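# Remarks on the overall topology
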Amino acid sequence: MRRLLPVLLALLLTCATLTAPARAGTAREVTYDQYSLMVDGRRIVLQSAEFHYFRLPSQELWRDVLEKFRAAGFNAVSLYFSWAYHSPAPGEYDFGGVRDVDRLLRTAREAGLYVIARPGPYINAESTGGGFPAWLKTVPGRGRSFEPGYREAYREWLHRINPIIARHQVTNGGPVILYNAENEYQVNTDAAYMQDIQDQARADGITVPITTNDCCDAGSWSSTWATGPGAVQIPGVDDYPQSFECANPGLWGPWGEGLTEKLRDDIPVFAAEYQAGAIDVGNAGYDRCRELTGPAFMKFFYKNNLIQTGATMFSYYMGYGGTNWGWLAQPNDVYTSYDYGAAITEARRLTPKYDEFKRQGYFLEAVAPLAKTDAVTSPATSGNAALTTVARANPDTGTQFVLVRHADRAATGTDSATLDWAAPDGRYQVPVQVKGRDAHVLVAGYDLGGQRLAVSTSEIMTHAAIGGRDVAVLYGTAGSPGATVLRYPSQPSVKVLEGAVRAAYGGGELRLDYAHDGLARVLVTGGGRRPLLLLIGTDEEAARFWRASTAAGPVLVRGTELVRSATLRGDVVRLAADTVAGEVEVFAPPPARRVEIGRTANRDAVRVTRTASGSLLGVTRAPAAAKLPELTGWRARAEAPEAAPGFDDSRWTAADHTTTTSPHPPRTLPVLYADDYGFHYGNVWYRGHFTATGAETRIDLNAITGLRGNYLVWLNGRYLGSAAGGVQADSGDQSTPPNPDPGPGHFDVPTGLLNPGADNVLAVLVANMGHNDDWIADDLRFKQPRGLVAASVGGTPIAWRIQGTAGVDRVRGPLSTGGLYGERTGWHLPKYQDRSWKEAAPATPLAPGVTWYRTSFELDLPKGQDVPVGLRFGGDPSPEYRVLIFLNGWNVGQYGADIGPQREFSLPAGLLDEHGNNTLALAVTAERPVAGPGPLGLFAYGNVRGGP
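An account of the accompanying structure is given in this report. (Residues numbered from 1 in each chain as written. Predicted model: local features only at pLDDT ≥ 70, side-chain atom pairs only at ≥ 80, totals over all residues. Heavy atoms only, no water.)

### Brief notes about the sheet that holds strand E39 (residues 683–691)
What counts, and what does not: Strand pairing requires that DSSP identify at least two bridges connecting the strands. Helix and strand assignments come from DSSP, with helices taken as H or I runs of at least 4 residues and strands as E runs of at least 2, each series counted from the N terminus. Helix axes are fitted to C-alpha atoms over the stretch in contact, other axes to C-alpha atoms as well, and angles between N-to-C directions run from 0 to 180 degrees.
Taken in spatial order, the 6 strands make up an open sheet running E38-E46-E39-E44-E41-E42, and their pairing is antiparallel. Each having just a single partner strand, strand E38 (653–655) and strand E42 (718–724) make up the two edges of the open sheet. For this sheet, the mean angle separating the axes of adjacent strands, direction not counted, is 25°. In terms of strand pairing, E38 meets strand E46 (residues 799–803) through 3 bridges, oriented antiparallel. Each bridged residue has a counterpart across the sheet, and for threonine 653 the counterpart in E46 is isoleucine 802.

Structural data, given as structure tokens:
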């Protein structure tokens, strides 16, 4: 995804009649025309949500997120594949453990989701290097081009990842339905590069359509390369109309109408990345980002795309954001949490945004004519010019879809009008009302199962044939008027089971008038059609419904926190559902008369009764309380022996290069860039030896660390102070001129500290915060060095050695650890023996340098429940220190030092042992004497029965 221009996200909205991914071994054909994608000739509206497996390093939880996508009506997931995550060094690739993308793609298929595969090579995603491995910075040849060097490197990556993707394609019985080449690439139009990516994909067995995502609201790429070398089959557009000003959630579409464009006449309209959250640019917190891009935004912009542009392919960024654990983040406006204000929080909790995705997603899944529509004349809004309409119709069925919204997108009031609607079944005068930044998609001339819906001013959420009758869920804004007209050959019998609904029949039409208030139930029988149960509610009531498929037909469920799936065995409906104490209502085919909830043999039997609606109604049990221990028994130990003059650095790497492939020439020699010596992530130590003359009075250093990085300096074991590391020049997204003085630090030499004529040792600890993206395909930006870039002690020659991480952690990967002494010697690992450490709480005063704290705690969370656990820091983070947080050896976050506003850190199951012993380790780097972080405690984000 892109950042800080009118482009950056994708999560999902539409789905016509769902063609589920095939079971293994069942090959299918993927085609398309100007309207939509087709699988074996059956049209689908593709609804995708973005998910980054590398931001959730717990295979057990991948299924949870993917099932939640599917439960919201999504039929696809968009997956970036991060080159950096899999490749610690040239020629080295790891697809095991949390990097097992084979398992990821199998899990997506099992969850019932198609996959948009996005292997880059460049992905951005606010990840370090934009997904490029840091070792690529030392490879000649400009990134994101066809130049030799880079070409050989990216081909190697593609030939590793492409075969995995290929064997999981829809055409091979798997879930992959689209292959995305590169990412927002129109910033640099190297046609040979784009063509080569596609050629490599085809050579590696990719047969599904190839797409790409053009940024900047279509930019110039597709108009330049609509045909010929480099052009993809289905280009799509990225749209981010809300920018990322989370501190001002009332801001409304500053970057335009946000309408996805039709890029060619022969392809469907593809919203390849559409905003579904925001980067927290101003450190306002992700709850504000969720408000900025909340349900009102979703209703207005997403429904505009559906009706004004006729889009049938949607991908929303993000569906679930996750965590920038370890050194995954690039050094810009992101911190540990990548929650993104998404519909599903970092801790996997559902939000009101999820409800809106579900309302829209179920509609797109249920109403098949949406997959093929043309623009038609829209009905007039009589009596109020404040409202406007746009319409489309299916050319085969005649079904009409009308978008009703305020003419002024900044409107905040409530306006009512009468819709003068020339629908397929006649002309109708029906009331409409729009409250503020809302929008409604109304349907007319639709065969709703066995019914004929002439017109309705309630929106359709879903409908299904259950037990020989049609059950439909309609909804509208609370308090707004509604009218639904159904056609019958003869007068039907109408029974209002609940709510205030007025019914009138005449001229072959049954008209129902009502206000959207709570949940009304209307049973219609006779009239020459099969029975119909209408459930008419508010937005909030509609969101309580879930739809699941069984071999015996669909099931609707009202209540519960989530329904993942359902089965019907004999007379028992079994729901895989997440529940708290509350009402549950099941609409299921006969002979269902019992309900059980749970995945295993230990299912809960729910005592139910039959309602007048024909449903089964019961009450679910509350989850058992989850007890979390206090964090006590801390032990502490200071490190940084590297600062001592007598420390043995003879095995460190000599930093003696006089040349570099970096486009940034060093300010002094030798070259001290950390990447040039194979140290790419996290903290790096330097030790410089020099023979002092005694006349040296000042040490001059310069470092590039990325945003929020710093470095600490010692001379002959005495701490001299710290300085902020440099960042790239503030030149926006368009250029990155070299910064001649990126991160200066000047340190006076204390009198008497030098040893004239003898060896003196300068020790420097540099905290590197990740690597620049390559958004503008500019090596000055991407290949900007990390670490020291200049060093001088009055012109005296210095012999340097450098040390970073001790090696790649084969379990956690190359991004988990850096070069602190404690990391190199295993102080962060759970089995490390710390009995000799002194007892001390993290809140005790700190000396400058690095201090480690460790403690262990036992967990025994209730089985059969989902209790996401987090770590909370009390007080405010200090700019005087930074904390690396390790859980059972995993670097799960960074706190303090103005890194961001975050005080709570997710401890995901899988990394966290929910039924055993866990170890927390904190590496606290202080720039000056300061009170340490604390107090610290565990907390639960939520607690439900069920879970993944």
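That was the structure; now back to the text.
### Focus: the environment of alanine 758
Rules: Any residue under 20% of the maximum accessible area for its type is buried, any over 50% is exposed, and the rest in between are partly exposed; the area is computed with a 1.4 Å probe on protein chains only. Throughout, a contact is declared for two residues whenever any of their heavy atoms are within 4.5 Å.
With respect to the secondary-structure elements, alanine 758 resides in the loop between strand E43 (744–748) and strand E44 (759–767). Taking the relative accessible area as the measure of exposure, alanine 758 reaches 31% and is therefore partly exposed. Distance in space between the C-alpha atoms of alanine 758 and histidine 689 is 9.8 Å, their sequence separation being 69 residues. Alanine 758 has contacts with Phe690, Thr691 and Ala692, leaving out every residue within four places of it along the chain.

### Here we look at unusual backbone geometry
Outside of glycine, negative phi angles account for most residues, and trans bonds account for most peptide bonds. Here tyrosine 317 and methionine 318 are connected by a cis peptide whose omega angle stands at 0°. Relative to the helices and strands, methionine 318 resides in strand E11 (residues 313–320). Look at the link from leucine 669 to proline 670: it is a cis peptide, with omega at 5°. Within the secondary structure layout, proline 670 lies in the loop between E38 and E39. Its identity is not glycine, yet asparagine 716 carries a phi of approximately 50°, on the positive side. Within the secondary structure, asparagine 716 is located in the loop between strand E41 (710–715) and E42. For asparagine 716, a relative accessible area of 13% gives the class buried. In this structure, alanine 777 is a non-glycine residue whose phi angle is positive, near 50°. Relative to the helices and strands, alanine 777 is located in the loop between E44 and helix H11 (779–782).

### Details of the sheet that holds strand E2 (residues 37–39)
Spatial ordering of the open sheet is given by E1-E2-E3, a layout of 3 strands whose pairing is antiparallel. The outermost strands of the open sheet, each flanked by one partner alone, are strand E1 (30–32) and strand E3 (42–44). Within this sheet the neighbouring strands show an average axis-to-axis angle of 40°, counted without direction. Bridging between E1 and E2 involves 3 bridges; their strand directions are antiparallel. Residue pairing for E2: valine 30 is matched across the bridge by valine 39.

### Concerning the environment of glycine 757
Relative to the helices and strands, glycine 757 is located in the loop between E43 and E44. Looking at glycine 757, the relative accessible area reads 61%, which means it is exposed. A C-alpha to C-alpha distance of 7.8 Å links glycine 757 and glycine 694, two positions 63 residues apart in sequence. Residues contacting glycine 757, with those up to four places away along its chain left out, are Thr691 and Ala692.

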